[in-house]
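Here are the chains, one letter per residue:
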Amino acid sequence: MGKLEIVSFNQNGSICIKFKDDGRGIQVDKLISIAIESGKYKKSTVEKWSKKKLMDTIIESGISTADTVSTSAGRGVGMRLIKEKIDSYKGKIEIDTRKGEFCEFSILLPK
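Computed from a prediction, not measured in an experiment: that's the story for all the values here. (Residues numbered from 1 in each chain as written. Predicted model: local features only at pLDDT ≥ 70, side-chain atom pairs only at ≥ 80, totals over all residues. Heavy atoms only, no water.)

**Thoughts on the packing of aromatic side chains**
- This model, assessed by the stated rule, comprises one aromatic pair.
- Between the aromatic rings of Y41 and W49, the centroid separation amounts to 4.7 Å while the plane-to-plane angle is 80 degrees, which identifies the pairing as edge-to-face.
- The aromatic ring of F102 is capped on one face by K20, whose charged end is 4.4 Å from the ring centroid.
- Over the aromatic face of W49 sits the side chain of K53, whose NZ or CZ is 5.0 Å from the ring centroid. (Phe/Tyr/Trp six-rings, centres within 6.5 Å; stacked < 30°, edge-to-face > 60°. Lys NZ or Arg CZ within 6 Å of the ring centre and 35° of its normal.)

What follows is the structure, given as structure tokens:
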């Protein structure tokens, strides 16, 4: 059984909502492979990315770490739609992960 923590608080004039699980974290090696296989990026470019830049690729259209395509995952559009909605409110999303420990999405929305 997993644990999902959802918290909200004020942060520097914004509302912050954090979603954090206690799962395996984002599979970074798999994400690197998917970014390269997408044809959007060269291996030499991806290997130089910071952790933040790599995590941001999860939000891009056509990038998905799901093993199979279903009605709810695997097409590389879900996170992009979330990002577009957050952008429409002039907010931002930050993603953090630690292998074998957690994955955390922080959404910041102006008041």
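**Description of the sheet that holds strand β3 (residues 92-98)**
- With antiparallel pairing, four strands are arranged side by side in an open sheet as β1-β2-β4-β3. Here the strands that pair on one side only, and so sit at the sheet edges, are β1 (4-11) and β3. The sheet shows a mean angle of 15 degrees between the axes of neighbouring strands, direction not considered.
- Together, β3 and β4 (102-110) form the strand contacts of helix α4 (residues 78-88), whose direction differs from that of β3 by roughly 135 degrees. (Pairing = 2+ DSSP bridges. Helix = DSSP H or I, 4+ residues; strand = E, 2+ residues; numbered from the N terminus. Axes fitted to C-alpha atoms, helices over the stretch in contact; angles between N-to-C directions. Contact = heavy atoms within 4.5 Å.)

**Description of a nonpolar patch on the surface**
- A contiguous nonpolar patch, built from L4, I6 and F19 and spanning about 290 Å² of accessible area, is present on the exposed surface.
- Tracing the backbone shows L4 in strand β1. (Patch = residues over 30% accessible without salt bridge, like charges linked within 9 Å, V, L, I, M, F, W, Y side chains within 5 Å. Areas by Shrake-Rupley, 256 points an atom, 1.4 Å probe, with all protein chains shown as cover. Salt bridge = Lys/Arg side-chain N within 4 Å of Asp/Glu carboxyl O.)

**Some thoughts on the side chain of E104**
- Structurally, E104 can be placed in strand β4.
- The exposure class assigned to E104 is buried, which follows from its relative accessible area of 14%.
- Every residue in contact with E104, bar those within four places of it in the chain, is listed here: K18, F19, K20, E94, I95 and D96. (Buried < 20%, exposed > 50% of the residue type's maximum accessible area, 1.4 Å probe, protein only.)

**Overview of unusual backbone geometry**
- One non-glycine residue, N12, lies in the positive phi region at around 50 degrees.
- Residue N12 is classed as exposed on the basis of its relative accessible area of 79%.
- Phi is positive for K90, which is not a glycine, with a value near 60 degrees.
- Assignment of secondary structure puts K90 in the loop between α4 and β3.
- The class for K90 is exposed, based on a relative accessible area of 70%.

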